[in-house]
Amino acid sequence: MVSGARDSQVLVIGGGAAGLMCAATAGYRGKTVTVLEGSNRCGKKILMSGGGRCNFTNTGTAPDNFLSRNPHFCKSALARYRPSDFIGLVERHGIAYHEKELGQLFCDESSKQIVKLLLDECDWAGVHIATGIAISSIRFAGDRFEVETAQGIYRAEKLVVATGGLSIPSMGASGLGYQIARQFGHALIDTRAGLVPFTLSGKPLEQYAELAGVALPIAVRVGGTEFRNALLFTHRGLSGPAILQISSYWSLGQAIDIDLLPGRDAGVELIALQQQGHKAELKTVLAEWLPKRLAQLLCTAFFSNKPVNQYKHAELRDIAYALQHWRITPSGTEGYRTAEVTLGGVDTEGVSSSSFESKHQPGLYFIGEVLDVTGHLGGYNFQWAWASGHAAGSAV
Ligand SMILES: Cc1cc2nc3c(=O)[nH]c(=O)nc-3n(C[C@H](O)[C@H](O)[C@H](O)COP(=O)(O)OP(=O)(O)OC[C@H]3O[C@@H](n4cnc5c(N)ncnc54)[C@H](O)[C@@H]3O)c2cc1C
């Protein structure tokens, strides 16, 4: 890595997805750009993303895939840098990719290829990257920013904050971006872990821990939001894509409502079996619809198990309702230790949605996950990093 460019036109704090995209974009416009990265290498979260294959975008990206106090904020940048733009870049770098499901694009080989793409782009654009930089303070000295670090003072007219969120502290996450925002008069929206597994405690944990490893398709709802995808029982609670998605909409103390048989009308089907004089036991019928271990546990713990033709209609309707509205209250989440994203962050009201420049401090920019914009699971968060990074890189 090149280091030592102490005076530049643009300083980018954070060499992650958004920061590197911004740096390369500004570099190609002829700006002198330095990236200050706190950890020993850039793009650590990209490396661990998508199970090592980086789900780098989603072809169906739309503003309603994002959570923010201001749902309109993300629209401009997303419209100006689209999934097809990043796909074009991936193709120009000769990276093979595939669609897994629901528009999610992954590298065929490794997330390392996406980090290399970004570093190559920065290199070609003449960007200086300094890693292992410990920032102690930042100030605006009249006409430029001064960033004091253990490695010396870096100066620039434009300062881009791309420090990401708080998830996975072992990968370099820090609260510096929020600190800078506060210092320059920005409001913060409370932060919390998103796209994160739920924990259970007490009786529910005792009941379901034995199902660890069991997965099934479900629909899960909180408030008016529903996701359909897989649920995975874990030793500590509930995970899987459907659970990660709904976790971003959940608040402590809320019950989640799970349909274990999405797409079926279990009441109608059970009553039909009963009317046909079906002699099979309930647990045998349920084992055809659900993973066997789950069907057995439900019949032992909640439903009295007997041949289907011996139930009353009302009993079968209650059973069906319980299966399609399984209400459970998580005791919490696994927190930032395993969360994929941080909800909340720098309030977008204080930031321009086209340039990403601060409305409080000219020359200061916020991009990527540090902002109060959080995507669903499925490549949307990287698309936000690329789009916001590209917008700021075009403006600085
Ligand atoms: C396990 C995991 C898997 C994920 N998988 C996907 C996926 O497949 N698809 C998807 O779209 N999203 C995925 N995400 C989310 C995605 O990684 C982030 O939303 C995205 O990286 C945010 O980009 P960013 O540039 O804002 O922040 P980051 O990529 O996190 O970059 C921030 C950078 O700033 C640096 N930094 C932080 N503090 C300081 C400091 N004080 N001084 C200097 N540098 C600092 C960090 O070290 C880091 O390099 C995943 C996240 C995790 C944790």
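Residues numbered from 1 in each chain as written. Predicted model: local features only at pLDDT ≥ 70, side-chain atom pairs only at ≥ 80, totals over all residues. Heavy atoms only, no water.

Chemist: Would you mind going over the sheet that holds strand S5 (residues 97–99) in detail, with residue names and values included?
Modeler: Hydrogen bonds between backbone atoms are what pair the strands of a sheet, whose relative direction is either parallel or antiparallel. Sheet architecture is open: 3 strands sit in the order S3-S6-S5, paired in antiparallel fashion. Sheet topology places strand S3 (55–58) and S5 at the edges, where each strand pairs with a single neighbour. Strand-to-strand twist across the sheet, computed as the mean angle between neighbouring axes with direction ignored, equals 25°. Taken together, the 3 bridges between S5 and strand S6 (residues 104–107) define a ladder with antiparallel strand orientation. From the neighbouring strand, Glu99 faces S6, where its bridge partner is Leu105. Packing of helix H4 (residues 83–92) onto the sheet brings it into contact with S3, S5 and S6, and relative to S3 it is tilted by some 140°. (Pairing = 2+ DSSP bridges. Helix = DSSP H or I, 4+ residues; strand = E, 2+ residues; numbered from the N terminus. Axes fitted to C-alpha atoms, helices over the stretch in contact; angles between N-to-C directions. Contact = heavy atoms within 4.5 Å.)

Chemist: A description of the pairing of strand S10 (residues 152–161) should follow, citing residues and the corresponding values.
Modeler: Where strand S1 (residues 7–13) and S10 come together, 6 bridges link them in parallel fashion. Note that in S10 the partner of Asp7 across the bridge is Arg155. Where strand S9 (residues 145–149) and S10 come together, 5 bridges link them in antiparallel fashion. Note on S10: the bridge partner recorded for Val147 is Tyr154. Taken together, the 3 bridges between S10 and strand S20 (residues 364–366) define a ladder with parallel strand orientation. Across the sheet, residue Val160 finds its bridge partner in S20, namely Tyr365.

Chemist: Quick one: what's the story with the packing of aromatic side chains, residue by residue and with numbers?
Modeler: Counted under the stated rule, the structure contains 16 aromatic pairs. Arranged with centres 6.2 Å apart and planes meeting at 55°, the rings of Phe66 and Trp384 form a pair that is tilted. Remark: Trp384 occurs in helix H13 (residues 380–395) and Phe66 occurs in strand S4 (residues 66–67); sequence separation between them is 318 residues. You can call Phe66 buried: its relative accessible area is 7%. An aromatic cluster of at least three residues, connected via ring pairs, comprises Phe56, Phe86, Tyr97, Phe382 and Trp386. Sitting above the plane of the Tyr154 ring, Arg6 keeps its charged end 4.9 Å from the centroid. Sitting above the plane of the Tyr311 ring, Lys306 keeps its charged end 4.9 Å from the centroid. (Phe/Tyr/Trp six-rings, centres within 6.5 Å; stacked < 30°, edge-to-face > 60°. Buried < 20%, exposed > 50% of the residue type's maximum accessible area, 1.4 Å probe, protein only. Lys NZ or Arg CZ within 6 Å of the ring centre and 35° of its normal.)

Chemist: Could you give an account of the pattern of salt bridges, with specific residues and numbers?
Modeler: Scanning all chains against the criterion turns up 15 salt bridges. Residue Asp120 pairs with Lys116 through a salt bridge whose shortest N-O separation is 2.7 Å. In this pair, Asp120 and Lys116 both sit in helix H5 (residues 112–124), 4 residues apart, roughly one turn of the helix. For Asp120, a relative accessible area of 18% gives the class buried. Between Asp259 and Arg221 there is a salt bridge, and its shortest N-O distance comes to 3.6 Å. Within this pair, whereas Asp259 is found in strand S16 (residues 256–259), its partner Arg221 is found in strand S13 (residues 215–222), the two being separated by 38 residues in sequence. What emerges from the salt-bridge pattern is a single network uniting Arg221, Glu226, Arg228, Asp257, Asp259 and Arg327. (Salt bridge = Lys/Arg side-chain N within 4 Å of Asp/Glu carboxyl O.)

Chemist: I'd like a description of the site of the ligand, backed by residues and values.
Modeler: Around the ligand, a shell composed of 32 residues is seen, among which Ala18, Glu37, Ser174, Glu369 and Phe382 lie nearest. Interatomic distance of 2.9 Å between a backbone N/O atom of Gly38 and a nitrogen atom of the ligand. Contact between the ligand and Asn55: a nitrogen atom at 2.9 Å from a main-chain N or O atom of the residue. Burial of the ligand by the protein amounts to 92% of the accessible area it has alone, namely 990 Å². The set of elements that each furnish at least two residues to the shell around the ligand consists of helix H1 (17–28), helix H2 (44–48) and H13. Here the shell around the ligand takes 4 residues from H13, the largest share from any one element. Here the residues of the shell around the ligand sort into 13 nonpolar, 15 polar and 4 charged. (Near = heavy atom within 4 Å. Polar contact = N/O pair within 3.5 Å; in protein donor to acceptor, adjacent residues only side chain to side chain. Areas by Shrake-Rupley, 256 points an atom, 1.4 Å probe, with all protein chains shown as cover. Nonpolar A, V, L, I, M, F, W, Y, C, P; charged D, E, K, R; others polar.)

Chemist: Could you give an account of the confidence of the model for the protein chain, with specific residues and numbers?
Modeler: Looking at the protein chain, the pLDDT average stands at 96 and 99% of residues meet or exceed 70. Model confidence for the protein chain, summarised as mean pLDDT per element, is weakest for helix H7 (residues 202–208) at 94 and strongest for S20 at 99. (pLDDT = per-residue confidence, 0-100.)

Chemist: So what about the packing of helix H10 (residues 282–289) against helix H11 (residues 292–301)? Which residues, and what values?
Modeler: Taken N-terminus to C-terminus, the directions of H10 and H11 make an angle of 145°; their axes are 8 Å apart at the nearest point. Handedness of the crossing formed by H10 with H11: right-handed. Taking contact as the criterion, the partners of Leu282, Lys283, Leu286 and Ala287 in H10 are, on H11, Lys292, Ala295, Gln296 and Cys299. When the residues that make up the contact of H10 with H11 are grouped by side-chain class, the tally is 5 nonpolar, 1 polar and 2 charged. (Left-handed = near helix turned anticlockwise from the far one by under 90°.)

Chemist: Hey, could you go over the sheet that holds strand S17 (residues 326–328) for me, with residue numbers and the actual values?
Modeler: Taken together, the 7 strands give an open sheet; going across it, the order is S17-S16-S13-S14-S15-S12-S18, and neighbouring strands pair in antiparallel fashion. Only two strands of the sheet have a single neighbouring strand rather than two, namely S17 and strand S18 (332–333). Summarising the sheet, S16 and S17 pair through 3 bridges and their orientation is antiparallel. Looking at the pairing, Ile256 lines up with Ile328 of S17. Its contacts with the sheet put helix H12 (residues 313–324) on S13, S16 and S17, and the angle it makes with S16 is roughly 115°.

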